[in-house]
Each structure stands twice: as C-alpha cells, then as structure tokens.
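# Residue-level structural notes
Residue strings, one per chain:
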Amino acid sequence: MRILTALLGTAALGLAMASPLAAQEKTVVTVVKVTGENWFTRMEEGVKAYGDEHEGIATRQVGPAKADAAQQAAIIQDLIAQGVDAIAVVPMDPSSLEGVLRRATQRGIKVITHEADNLQNTEVDLEAFDNAEFGAHFNEQLAECMGHEGKWTSFVGSLGSLTHVQWADGGAKNAEKYDKMELVSAKNESFNDANRAYELAREILRAHPDIKGFQGGSAIDVIGIGRAVEEAGIADKTCVYGLGLPKDTGPYLETGAVDGIAFWDPKDAGYVMNILAAKVLAGEEITDGMDLGVPGYDKVSVTDGPGEGVIVRGQAWVDVTKDNYKDYPF
C-alpha cells in the first residue's frame, strides 16, 4: 500500500529553521458544494471548531451560492492564487475538478477531498462509510416498507455527484433481490434544491400515480419529496427514505410523509477533513486502523486511491425515524 508521507524536503527544512515564517499559521480552507444549505452550515461548525482547538492552523469554509461545479472550480482557482496551504473540498462533480486540483498540487497545496473516491488529484479522500453499502441499506429499508413490491424511484443531487450515484446504484442492486419491485425514472437530479426535488416528485407522481417508493440522494431531497407526498395526501401509501438532517426532516417524519433518514454528522466530517489536512501538512503517516479521535472515525480503513493518494473510510452513518430524530439537535 502507498502510505502517505508528504515529508518536507531538505531545502524546505533549512528555510524553516532559519526563517521566522516557520512560526506562521497554516491555512486550511474547506470548499463545499453550496453555501446556505443546512448540511454545509453544520459542516462549518466542525471546520471552525478544529481551527479554534488547534494552534498553528487557521481554518475557514467557503462555497458557491448555488450548487454549481464551475463556480466551485473558480473558488478553488482563487484559493490557489492566494497560496493557501491546504484545500479540503467536497466536490459537486469530482471529475470536473481534476484539472484545478492538479494545479493546486503543482503549487505545493495539499488537497483533501470528501465524497470523491474516484479522484486522482487528492492526497486523502475521506468517506464516512462504504457508499454502495449505504445505498443498499436505504433500499432495504425502502423495500421492507413497500412490502417488497411496487414501483420506486431514486434521486441524486446531480449525475456528477459521485456518492449520490453510488447510493442510487447500491439501492438498485439491492432491489434486484425482489422480483416485484420496479425501478422507474431513476436518478432524478435535484441539484441540491428542495424546490426542484418537490417539482420532480410531483412530476413522478403524475407519471406514476401508483408509485410506492422514493429513495433520496442529496440532503434536501427528502424534504421536497415529503412535501409533494404530503400535499398529495398519500403519506400512508408511499415510502420515503434518504439522506437528510433531523431538524430539516422532522416535520415530515412526524406526519409520515418521510419514513426514515440516515446521515453522517457533517460537523464531524468537516472536523475530520481538517484533521487529515493537518496530518498531511505535518508529514504524518495515515495508516489503516488508526483512531482519528471522532466517533465513527475511531478505526478507519485506509486503502489506495486511484491516484497517488489514499482513501480513508469510517463507519459513521446514523439511522433516524420519527421515534429518535429529536435526539439530534441539527
């Protein structure tokens, strides 16, 4: 296995010993898919907490005003021009960022990613869990709710959002076990917009009035789907499962328009990305089985990535229903 070392060269060490610049803070900037979405507002809490708790590391979070890969790339390009020390990015479309992340690496900027295990130009990609298993887990809950029969559909933030597609594919693979389940209109793109998810759900209900199941991908899909289901008065006839946050989804869990959600805490993910960035900047090894000191990431698996970096996977998902969503205040 390639083990990440990122050691400073001899010349750089000499400069560091001789210069007062050695005492300067390192700057780590987290770039998210979109600013203003509650998922990433929660993530920013973790980003800020890491900087507050650790001397020598200055942290902040930025992102585009709407979920757009081109805008995200432009933000990263600006950070390269600023000469930040590390960029931790949650890509809207991982493959579209290969070029700009390659430029960052060539400038000596350390790159950490999240939800992007296909990226070549990253030193560490963080995954909260195995994504195919997560999608299959959603679908198994959906299948049980549907009585293992009937039409169902899946949503994604976008077809470029790798993890969302992996969850949808994992769900579809799981549903193959049940001959009477029929996947229709797969991978509807909400572009991380609850209103668009709502409109898409209404369109699907018109096209397939007998549909029984919805599997959401982005963190706001279940909100839009739940609203459409509630307005149609069919909460007791449909099953809705997907990624979501408890506070956002709570009203729909209460009415039964959404049957269940799962998530990993974005705050923890933001914090862990910055842990990994700090380790890379310090030249520390990232090893299989290590404890990163955060629940769900206390015994991570480390495997080779598609490029020169590694993929770090935790065991961090949480299932939530009407019965326990109030246990999570976000």
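Conventions used here
Residues numbered from 1 in each chain as written. Predicted model: local features only at pLDDT ≥ 70, side-chain atom pairs only at ≥ 80, totals over all residues. Heavy atoms only, no water. Domains from an automatic or database assignment. Contact = heavy atoms within 4.5 Å. Buried area = accessible area lost by both parts, 1.4 Å probe. Salt bridge = Lys/Arg side-chain N within 4 Å of Asp/Glu carboxyl O. Polar contact = N/O pair within 3.5 Å; in protein donor to acceptor, adjacent residues only side chain to side chain. Nonpolar A, V, L, I, M, F, W, Y, C, P; charged D, E, K, R; others polar. 1 Å grid on protein atoms, 1.4 Å probe; cavity = no way out; pocket = protein on both sides within 12 Å on 5 of 7 lines; lining within 4 Å. Points joined across faces, edges and corners; volume = space filled by probe spheres on them. Helix = DSSP H or I, 4+ residues; strand = E, 2+ residues; numbered from the N terminus. Disulfide = S-S within 2.5 Å. Buried < 20%, exposed > 50% of the residue type's maximum accessible area, 1.4 Å probe, protein only. UniProt positions renumbered as here; feature names shortened; annotations may be inferred.

Interfaces are often sized by the accessible area lost when the parts come together. Looking at the protein chain, the domain boundaries give domain 1 (25-126 + 263-314) and domain 2 (130-242). A straight line from the C-alpha centre of domain 1 to that of domain 2 covers 28 Å. Tallying the contact residues gives 14 residues for domain 1 and 16 residues for domain 2. Buried area between domain 1 and domain 2, both sides added, is near 1,100 Å², and the carbon and sulfur share of it is 55%. Looking at the side of domain 1 facing domain 2, the largest losses of area belong to E37, M92 and E115, adding up to 39% of the total buried there. Taken together, domain 1 and domain 2 are joined by zero salt bridges. At the junction of domain 1 with domain 2, the criterion picks out four residue pairs in polar contact (both at pLDDT 80 or more). By residue class, the composition of the side of domain 1 that touches domain 2 is seven nonpolar, one polar and six charged.

So, on to empty space enclosed by the protein. A full pass over the atoms with the stated rule returns two cavities of 30 Å³ or more. Within this model, the largest cavity holds a volume of roughly 70 Å³. At the level of elements, α2 (38-53) and α6 (162-175) are the ones that each hand at least two residues to the lining of the largest cavity. Split into classes, the residues belonging to the lining of the largest cavity amount to six nonpolar, three polar and three charged. Shared between two domains, the lining of the largest cavity holds at least three residues of each, these being domain 1 (25-126 + 263-314) and domain 2 (130-242). In this structure, the second largest cavity occupies an estimated 50 Å³ of space. Surrounding the second largest cavity, A116, D117, L119, Q120, T122, D125, G305, P306, G307, G309, V310 and I311 form its lining.

Here the focus is the environment of G150. With respect to the helices and strands, the residue G150 is situated in strand β6 (residues 150-156). With 29 residues separating them along the chain, G150 and D179 place their C-alpha atoms 9.6 Å apart. Those residues in contact with G150 that sit more than four places away from it in its chain are K180, M181, E182 and K212.

Below, the discussion takes up the state of the cysteines. Using the criterion set out here, one finds one disulfide in the structure. Between C145 and C239 runs a disulfide, and the two sulfur atoms are separated by 2.1 Å. Handedness here is read from the sign of the S-S torsion; for C145 and C239, about -85°, the answer is left-handed. Remark: C239 occurs in strand β10 (residues 239-243) and C145 occurs in helix α5 (residues 131-145); sequence separation between them is 94 residues. You can call C145 partly exposed: its relative accessible area is 32%.

Before going further, it helps to examine the pattern of salt bridges. In total, this model carries 13 salt bridges according to the counting rule given. The shortest N-O distance in the salt bridge between D117 and R313 comes to 3.5 Å. Highlighted residues: D117 in the loop between β4 (110-114) and β5 (124-127) and R313 in strand β13 (residues 310-313), separated in sequence by 196 residues. Here R313 falls in the buried class, since its relative accessible area comes to 19%.

Take the UniProt feature "domain: Periplasmic binding protein" (unreviewed entry) in the protein chain next. On the UniProt side, "domain: Periplasmic binding protein" (unreviewed entry) is annotated at positions that read residues 29-285 here. Helix and strand shares over residues 29-285 are 47% and 18% respectively, and the end C-alpha atoms of the span are 21 Å apart.

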